[in-house]
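Now for the letters of each chain:
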Amino acid sequence: MTPPAHSRMARWLLAALAALILSACAVPRTPAAPGVQVWTGRLALTVEGQASQSFSAGFELKGAPANGELTLYNPIGGTLAVLAWSPGTATLRAGGTARQFPSLEALAQEATGAPLPVAALFDWLAGKPTPIEGWEADVEQVADGRLRARRTAPPPVADLRMVFER
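Cut-offs applied
- Residues numbered from 1 in each chain as written.
- Predicted model: local features only at pLDDT ≥ 70, side-chain atom pairs only at ≥ 80, totals over all residues.
- Heavy atoms only, no water.
- Salt bridge = Lys/Arg side-chain N within 4 Å of Asp/Glu carboxyl O.
- Helix = DSSP H or I, 4+ residues; strand = E, 2+ residues; numbered from the N terminus.
- Buried < 20%, exposed > 50% of the residue type's maximum accessible area, 1.4 Å probe, protein only.
- Arc of directions from axis to C-beta.
- Contact = heavy atoms within 4.5 Å.
- Core = buried A, V, L, I, M, F, W, Y, C linked by side-chain atoms within 4.5 Å.
- Pairing = 2+ DSSP bridges.
- Axes fitted to C-alpha atoms, helices over the stretch in contact; angles between N-to-C directions.
- Phe/Tyr/Trp six-rings, centres within 6.5 Å; stacked < 30°, edge-to-face > 60°.

**Q** Would you take a moment to explain the pattern of salt bridges for this structure?
**A** Working definition: two side chains of opposite charge can pair if their charged atoms are close together. Inspection of the entire model under this criterion finds 4 salt bridges. One salt bridge connects Arg161 with Asp159, and the closest N-O pair in it is separated by 3.0 Å. Because the salt bridges share partners, they merge into one network encompassing Lys62, Glu69 and Arg93.

**Q** Can you walk me through the environment of Pro131 in this structure?
**A** Secondary-structure assignment places Pro131 in the loop between helix H3 (118-125) and strand S7 (135-138). Residue Pro131 is classed as exposed on the basis of its relative accessible area, which comes to 73%. As a C-alpha pair, Pro131 and Ala120 span 11 residues in sequence and 8.3 Å in three-dimensional space.

**Q** Would you mind going over helix H2 (residues 104-112) with me for this structure?
**A** Helical periodicity: at 3.6 residues per turn, an α-helix aligns residues three or four positions apart in one direction. Considered for burial, the residues of H2 that qualify are Leu104, Leu107, Ala108 and Thr112. For H2, the angular spread of the buried residues around the axis is 105 degrees, confining them to a single face. Where the residues of H2 are buried, they touch strand S1 (37-47), strand S4 (79-86), strand S5 (89-94), strand S6 (97-101) and H3. With its phi angle positive at about 85 degrees, Gly113 sits one or two positions after the end of H2.

**Q** So what exactly am I meant to see when it comes to the nonpolar core here?
**A** Note on soluble globular proteins: their nonpolar side chains tend to be buried together. With 35 residues, the main nonpolar core has Phe59, Leu61, Trp85, Leu147 and Met162 as its most contacted residues. For this core, the element with the most residues is H3, which contributes 6 residues. Ignoring any residue separated from it by four or fewer positions in sequence, one finds Met162 in contact with Arg42, Leu43, Phe59, Leu121, Leu125, Gly145, Arg146 and Leu147.

**Q** Which parts of the structure should I look at to understand the sheet that holds S7?
**A** By definition, the strands of a sheet pair up through backbone hydrogen bonds, in either a parallel or an antiparallel sense. One open sheet holds the 9 strands; their spatial order is S6-S5-S4-S3-S2-S1-S9-S8-S7, and the pairing between them is antiparallel. Each end of this open sheet is capped by a strand with a single partner; those strands are S6 and S7. The mean angle between the axes of side-by-side strands here comes to 20 degrees, regardless of whether they run parallel or antiparallel. Where strand S3 (residues 68-73) and S4 come together, 6 bridges link them in antiparallel fashion. Bridge pairing in S4 places Tyr73 opposite Thr79. Against the sheet, H2 makes contact with S1, S4, S5 and S6, and its axis sits at roughly 20 degrees relative to S5, the strand it touches most. In the packing of H3 onto the sheet, the strands contacted are S1, strand S2 (53-63), S4, S7, strand S8 (146-151) and strand S9 (158-165), and the crossing angle to S2 comes to about 70 degrees.

**Q** Sorry, what's going on with the side chain of Thr71 here?
**A** Residue position: Thr71 is located in strand S3. Not counting chain neighbours up to four residues away, the residues in contact with Thr71 comprise Gly58, Phe59, Glu60, Thr79, Ala81 and Val82.

**Q** I tried to follow the packing of aromatic side chains on my own but got confused; where do I start?
**A** When we look at a pair of aromatic rings, we describe it by the centre distance and by the angle of the planes. Applying the stated criterion across every chain yields a total of 3 aromatic pairs. Relative to Phe122, the ring of Trp85 lies with its centre 6.3 Å away and its plane at 70 degrees, an arrangement referred to as edge-to-face. Here Trp85 is found in strand S4, whereas its partner Phe122 is found in helix H3, with 37 residues between them in sequence. Residue classification places Trp85 among the buried positions, given a relative accessible area of 4%. A ring pair is formed by Trp124 and Trp135, whose centres lie 6.1 Å apart and whose planes are at 50 degrees; its orientation type is tilted. Taken together, the residues span a long stretch of sequence, with Trp124 in helix H3 and Trp135 in strand S7 at a distance of 11 residues. For Trp124, a relative accessible area of 0% translates into the label buried. Three or more aromatic residues joined by ring pairs form one cluster here, namely Trp39, Trp85 and Phe122.

That is the geometry; function is a separate question.
What follows is the structure in structure tokens.
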């Protein structure tokens, strides 16, 4: 028995809407120069303390510790913030404004609410367990596209989880 025409049309519209929503969820990727490392995926950060907070976003990290860019995306692919750094400058672009910071660490603190070792992320994402005071990075699952790093000192405790692809 053939479904009525309005039922077929409703299913077609539903499928088209689902395809549109899924395409909006794709994180846009900007081209990187040849030889520049690029990682994309999702990250979640939980900061414990008096007012525990959590943050999750899509991300694209490219460049190197001395010169790079970390773009954070909302669930439908819109840009939440762009953290960019080069020798002597660090910039946070969000909400149509740009703010300058004295260091990459100060920039990351402002953007995420926790002092993240963004420079060390490059090593950790490459599977190198570079030690950072107060942080424990578990790089054993990097080959599977997973990274976990935990900040235990000084307070507040922070837990960073990343699922990524290169």
